[in-house]
Amino acid sequence: MTYIAVGMGGVIGSLLRYGLGFFIKDTYSGLFPLATLLANVSGSFLLAFLTMHLFRIGRLHPHWATALGTGLIGSFTTFSTFSIETMHLLQAGKAGTAAFYVVASLAGGLLAARFGFNAGDALFRRFAKGKETT
């Protein structure tokens, strides 16, 4: 059952990633790989948030937790595309843009994960506190 749930999450995550790419292409015409940066940073926030709140409260069956984390978010974020886009920037002679992309991706992902951890933990604590008073 877990494999099916992960597969379903993967299909949804990859379609969301593909749709984000088209949306960004329609609204942004620059050479900077903005869609991948947005997918990776938002995915970092979301996975950290879910890890610190939703997965901890225990109301989500482990199949669906894996489907969300590994399936949906795992297929929405994309390290391989980040790597290839960085190589393309370097081959195009845009070393400064490539360096900015790498730093923005790493720092942005880590900061987003930190915010996600903090937000998820705060919500979890509020949830746990509310359970204690009832």
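Residues numbered from 1 in each chain as written. Predicted model: local features only at pLDDT ≥ 70, side-chain atom pairs only at ≥ 80, totals over all residues. Heavy atoms only, no water.

A. View of the overall build of the chain. What the chain contains, in helices and strands, is six helices and zero strands. Its helices and strands in sequence order give the chain the pattern α-α-α-α-α-α, from N to C terminus. Overall, the chain is about 60 × 30 × 25 Å in size when its C-alpha atoms are taken along their principal axes. Sorting the 134 residues of the chain into buried and exposed places 34% on the buried side. Long-range pairs, those at least 24 residues apart, make up 73% of the contacts in the chain between residues at least 6 apart in sequence. Accessible surface for the chain amounts to roughly 8300 Å². Of this, 70% is attributable to carbon and sulfur atoms. Positive and negative side-chain charges of the chain, numbering 10 and 4 respectively, have mean locations separated by a distance of 5 Å. (Helix = DSSP H or I, 4+ residues; strand = E, 2+ residues; numbered from the N terminus. Buried < 20%, exposed > 50% of the residue type's maximum accessible area, 1.4 Å probe, protein only. Contact = heavy atoms within 4.5 Å. Areas by Shrake-Rupley, 256 points an atom, 1.4 Å probe, with all protein chains shown as cover. Lys, Arg positive; Asp, Glu negative; His and termini not counted. Charge placed at Lys NZ, Arg CZ, Asp CG, Glu CD.)

B. Region of the structure containing the layout of surface pockets. By volume, the largest pocket amounts to about 320 Å³. If you trace the largest pocket, you find 16 residues lining it, with Arg 17, Gly 21, Lys 25, Ala 35 and Glu 85 closest to the centre. Put simply, the parts of the chain that give the lining of the largest pocket at least two residues each are helix H1 (2-27) and helix H2 (34-52). Ranked by the residues each element gives to the lining of the largest pocket, the list is headed by H1, at six residues. Of the residues that constitute the lining of the largest pocket, the class distribution is nine nonpolar, four polar and three charged. In this structure, the second largest pocket spans a volume of roughly 200 Å³. Lining of the second largest pocket is provided by Asn 40, Val 41, Ser 44, Thr 77, Thr 78, Phe 79, Phe 82, Ser 105, Leu 106, Gly 109 and Leu 110. Examining the composition of the lining of the second largest pocket, we find that four residues originate from one element, helix H6 (residues 95-133), more than from any other. In the lining of the second largest pocket, the residues fall into five nonpolar, six polar and no charged. (1 Å grid on protein atoms, 1.4 Å probe; cavity = no way out; pocket = protein on both sides within 12 Å on 5 of 7 lines; lining within 4 Å. Points joined across faces, edges and corners; volume = space filled by probe spheres on them. Nonpolar A, V, L, I, M, F, W, Y, C, P; charged D, E, K, R; others polar.)

C. Main features of the packing of aromatic side chains. Tallying each qualifying case throughout the model produces six aromatic pairs. With 6.1 Å between their ring centres and 15 degrees between their planes, Phe 45 and Phe 49 make a pair best called stacked. Separated by four residues within a single helix, Phe 45 and Phe 49 lie in helix H2, roughly one turn from each other. Owing to a relative accessible area of 31%, Phe 45 belongs among the partly exposed residues under this scheme. Taken together, the aromatic side chains of Phe 32, Phe 79, Phe 82, Phe 100 and Tyr 101 make up a single cluster linked through ring pairs. One Lys or Arg, Lys 25, reaches over the ring of Phe 22 and ends 5.9 Å from the middle of that ring. (Phe/Tyr/Trp six-rings, centres within 6.5 Å; stacked < 30°, edge-to-face > 60°. Lys NZ or Arg CZ within 6 Å of the ring centre and 35° of its normal.)

D. Summary view of the packing of H1 against H2. The contact between H1 and H2 brings their axes to 9 Å, and the two run at 135 degrees. One element, H1, and the other, H2, form an angle in the oblique class. The two elements H1 and H2 meet at a crossing, and its hand is right-handed. Between H1 and H2, the residues in contact are Arg 17, Leu 20, Gly 21 and Ile 24 and Leu 34, Ala 35, Thr 36, Leu 38 and Ala 39, respectively. (Axes fitted to C-alpha atoms, helices over the stretch in contact; angles between N-to-C directions. Parallel < 35°, antiparallel > 145°, perpendicular 65-115°, else oblique. Left-handed = near helix turned anticlockwise from the far one by under 90°.)

E. Up close: the pattern of salt bridges. Counting across every chain of the model gives two salt bridges. Where Arg 56 meets Asp 121, a salt bridge forms, and the shortest distance between an N and an O atom there is 2.8 Å. Here the residue Arg 56 occupies a position in helix H3 (residues 54-57), and Asp 121 occupies one in helix H6, the gap between them amounting to 65 residues. Classification of Asp 121 as buried rests on a relative accessible area of 15%. The network of salt bridges with shared partners includes Arg 56, Asp 121 and Arg 125. (Salt bridge = Lys/Arg side-chain N within 4 Å of Asp/Glu carboxyl O.)

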